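Commentary on secondary and tertiary structure
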Amino acid sequence: MSNVRPETMERITTPELANAFIDEQVKEVRAQVGDKKVLLALSGGVDSSVVAALLIKAIGKQLVCVHVNHGLMRKGESEQVIEVFKNQLDANLIYIDATDRFLDLLAGVAEPEKKRKIIGGEFIKVFDEEASKLEGISFLAQGTIYPDILESDGVKAHHNVGGLPEDMQFELVEPVKLLYKDEVRVVGKALGLPASMVDRQPFPGPGLGVRCLGSITRDRLNALREADAILREEFDNAGLNKTVWQYFIAVPDMKSVGVKDSKRYEGWPAIIRAVNTTDAMSATIEEIPYALLHKITARITAEVDGINRVLYDLTPKPIGTIEWE
Ligand code: XMP
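Residues numbered from 1 in each chain as written. Predicted model: local features only at pLDDT ≥ 70, side-chain atom pairs only at ≥ 80, totals over all residues. Heavy atoms only, no water.

**Structural notes on the packing of aromatic side chains**
Heads up, the condition is: Any Phe, Tyr or Trp ring, taking Trp's six-membered ring, that has another such ring centre within 6.5 Å forms a pair; planes under 30 degrees apart are called stacked, those over 60 apart edge-to-face, and the others tilted. The helix and strand labels rest on DSSP assignments: H or I over at least four residues marks a helix, E over at least two residues marks a strand, and numbering proceeds from the N terminus. Under the scheme applied here, a residue whose accessible area is under 20% of the maximum for its type counts as buried, over 50% as exposed, and between as partly exposed, the area being computed with a 1.4 Å probe on protein chains only. By definition, being over a ring means that NZ of Lys or CZ of Arg is both within 6 Å of the ring centre and within 35 degrees of the ring normal.
This structure, assessed with the given rule, holds three aromatic pairs. Seen in terms of ring centroids, phenylalanine 123 and phenylalanine 127 are 6.4 Å apart; in terms of plane orientation they differ by 5 degrees. Their pairing is stacked. Remark: phenylalanine 127 and phenylalanine 123 occur in helix α5 (residues 112-133); sequence separation between them is four residues, near one turn of the helix. On the basis of relative accessible area, phenylalanine 127 is assigned to the buried category, the value being 0%. Consider the rings of tyrosine 146 and tyrosine 180, whose centres lie 5.6 Å apart with planes at 90 degrees: the pair is edge-to-face. Separated by 34 residues along the polypeptide, tyrosine 146 in helix α6 (residues 146-150) and tyrosine 180 in the loop between β5 (171-173) and α7 (181-190) bring together distant segments of the chain. In this structure tyrosine 146 comes out as buried when scored by relative accessible area, which is 8%. According to the relative accessible area criterion, tyrosine 180 is partly exposed, its value standing at 24%. Its end group placed over the ring of tryptophan 268, lysine 255 keeps NZ or CZ at 4.9 Å from the ring centre.

Here it is as structure tokens:
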């Protein structure tokens with residue numbers, strides 16, 4: 001398959017078009033792969049999940065999925081990968097909980113780019129170690145999509161944390177590389193993946209690592225994960241998941257004084273970020289109803305150990321980037 005999308009290629013907007021694409025790709029993949037084995041790093045993000053589902057349909061157990069949990073996933077995400085792929089789709093899935101490896105390496109590291117490098121480098125190491133244990137793998141599948149090809153001018157190079165070692169000697173299988181994101185989602189739905197997976201917001205490769213600001217500790221990372229889960233639940237309930245492009249919590253490495261149960265209670269602030277954008281190059285701030293902000297504040301401060309304040313970040317991009325680090 002060439003890397004250029006033909007002008008005649010119709011935009012995939014309906015289940016019918018998605019099914020036609022799936023049928024065509026199933027044939028192509030079978031022709032390419034034959035009876036050989038294919039390896040896929042399955043992050044649980046939209047692109048790798050759709051590729052996994054497509055390849056399971058095409059070649060079943062010849063696909064070996066490896067899910068590396070770096071300990072920086074949002075609440076419930078690794079569990080969902082296991083539930084959907086192992087339990088429901090009966091995939092050949094290797095789950096690696098590498099939380100301790102990542103968090104031990106990150107201990108005491110406060111500098112954002114250094115954190116990114118550690119996470120990216122360790123991811124490759126873990127994946128590489130796992131790959132070398134497997135026998136007879138001939139192909140590597142990747143969730144490359146068309147914008148990745150169009151933007152592979154280096155601008156987003158630092159984003160490709162899931163990038164794999166260059167010396168891996170595998171032929172690539174990239175069935176969705178000519179699709180735009182919206183088309184990948186339509187194809188994912190046609191393949192039967194749950195909406196919560198297919199409509200997922202963008203999530204940085206280094207995950208909560210760049211939202212647990214400064215040097216990461218397990219207690220603050222846990223607080224961040226729980227607060228983030230509450231934010232997502234409340235946005236879902238209010239229908240904001242359909243209108244807000246990206247929303248999350250960041251927790252800085254600082255404490256303020258508060259009062260809880262009539263006692264002094266020092267805790268971290270949880271900072272809400274909720275932005276809209278089309279291309280992530282610039283972003284505007286969503287108007288969130290005050291009543292909802294009050295509710296989220298009440299829940300986070302009551303339910304999350306270690307958090308004693310909730311702040312709402314009103315800064316557009318530019319001047320603020322979407323992430324805090
Ligand atoms: P910024 O913070 O640069 O974010 O305004 C723009 C978009 O990119 C995502 N982002 C990342 N994605 N690895 C990724 O895969 C990263 O290191 C990374 N940093 C930011 C961010 O979530 C937003 O959608």
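Following the structure, the description resumes.
**Side note on the site of the ligand**
What counts, and what does not: Any residue with a heavy atom lying within 4 Å of a molecule or strand is counted as near it. A 3.5 Å cut-off defines polar contacts: any pair of N or O atoms within that distance qualifies, except that in protein one atom must be a possible hydrogen donor and the other a possible acceptor, and neighbouring residues in sequence count only when both atoms are side-chain atoms. Values of accessible area rely on a 1.4 Å probe in the Shrake-Rupley scheme; residue burial ignores everything except the protein chains shown. Ten residue types, Ala, Val, Leu, Ile, Met, Phe, Trp, Tyr, Cys and Pro, are classed as nonpolar, four, Asp, Glu, Lys and Arg, as charged, and the remainder, Gly among them, as polar. Note that the domain bounds reflect an automated or database-derived domain assignment.
Every one of the 13 residues lining the ligand counts as a neighbour, but Arg116, Gln246, Lys317, Ile322 and Glu323 are closest to it. With respect to the ligand, the side chain of glutamate 323 contributes an N or O atom lying 2.5 Å from an oxygen atom. Computed on the free molecule, the ligand has an accessible area of 500 Å², of which 87% lies beneath the protein chains in the complex. Classifying every residue of the shell around the ligand by side-chain character gives five nonpolar, five polar and three charged. There are two domains that each give the shell around the ligand at least three residues, and those are domain 1 (15-198) and domain 2 (211-312).

**Brief notes about unusual backbone geometry**
Between lysine 317 and the following residue, proline 318, the backbone shows a cis peptide bond with an omega angle of -15 degrees. Mapped onto the elements, proline 318 comes out in the segment after β11 (307-312). The residue aspartate 261 is not glycine, and still its phi comes out positive at about 50 degrees. Note on placement: aspartate 261 falls in the loop between β7 (259-260) and β8 (263-264). Taking relative accessible area as the criterion, aspartate 261 reaches 66% and is therefore assigned exposed.

**With respect to the sheet that holds strand β2 (residues 63-69)**
Counted only if it meets this: We call two strands paired when DSSP finds no fewer than two bridges between them. Lines fitted to C-alpha atoms define the axes, with helix axes restricted to the stretch in contact, and inter-axis angles between N-to-C directions lie between 0 and 180 degrees. Contacts between residues were defined by any pair of non-hydrogen atoms, one from each residue, lying within 4.5 Å.
The five strands are arranged β3-β2-β1-β4-β5 in an open sheet whose pairing can be described as parallel. Edge strands, defined here as strands with exactly one partner in the open sheet, are β3 (92-97) and β5. Neighbouring strand axes in the sheet, compared pairwise and without regard to direction, differ in orientation by 30 degrees on average. Summarising the sheet, strand β1 (residues 37-41) and β2 pair through four bridges and their orientation is parallel. Across the sheet, leucine 39 pairs through a bridge with valine 64, a residue of β2. Against the sheet, helix α1 (residues 15-33) makes contact with β1, β4 (137-141) and β5, and its axis sits at roughly 165 degrees relative to β5, the strand it touches most. On the sheet, α5 packs against β1, β2, β3 and β4 and is oriented at approximately 160 degrees with respect to β1.

**Some thoughts on α1**
To keep things clear, this is the line we draw: Each residue after the first adds 1.5 Å to the expected span of a helix. Working note: the arc is built from the helix axis to C-beta atom directions.
Taking 1.5 Å of rise per residue, 19 residues should cover 27 Å, and α1 covers 26 Å from first to last C-alpha, within 8% of that figure. If you check which residues of α1 are buried, you get Ala18, Phe21, Ile22, Gln25, Val26, Val29 and Val33. For α1, the angular spread of the buried residues around the axis is 145 degrees, confining them to a single face. Set apart from the buried face of α1 by more than 90 degrees, the exposed residues are Glu16, Lys27 and Ala31. On its buried side, α1 packs onto β1, α2 (46-59), β4, β5 and α7. At the C-terminal side of α1, glycine 34 shows a positive phi close to 60 degrees.

**Considering α2**
For α2, which comprises 14 residues, the first-to-last C-alpha distance of 20 Å matches the rise-based estimate of 20 Å (1.5 Å per residue) to within 8%. In terms of residue burial, α2 counts as a mostly covered element, since 13 of its 14 residues are buried.

**With respect to the pairing of β3**
Here β2 runs beside β3; their pairing, made up of six bridges, is parallel. Across the sheet, histidine 67 pairs through a bridge with tyrosine 95, a residue of β3.

**A word on the domain arrangement of the protein**
Test applied: Two parts lose some accessible area (1.4 Å probe) when they are put together, and adding that loss for both gives the buried area. Each salt bridge in this description consists of a side-chain nitrogen of Lys or Arg and a carboxyl oxygen of Asp or Glu lying within 4 Å of one another.
Segmenting the protein into domains produces domain 1 (15-198) and domain 2 (211-312). Computed over C-alpha atoms, the centres of domain 1 and domain 2 are 28 Å apart. Listed by partner, the interface residues are 14 residues for domain 1 and 15 residues for domain 2. Across the domain 1/domain 2 interface, buried area totals approximately 1,200 Å², and carbon plus sulfur atoms make up 47% of it. At the surface where domain 1 touches domain 2, the tally comes to four salt bridges. Among the salt bridges present, the one from arginine 218 reaches aspartate 100, with a minimum N-O distance of 2.9 Å. The tally of links between domain 1 and domain 2 comes to 10 residue pairs in polar contact (both at pLDDT 80 or more). With four residues, the single largest contributor to the side of domain 1 that touches domain 2 is helix α4 (residues 99-106).

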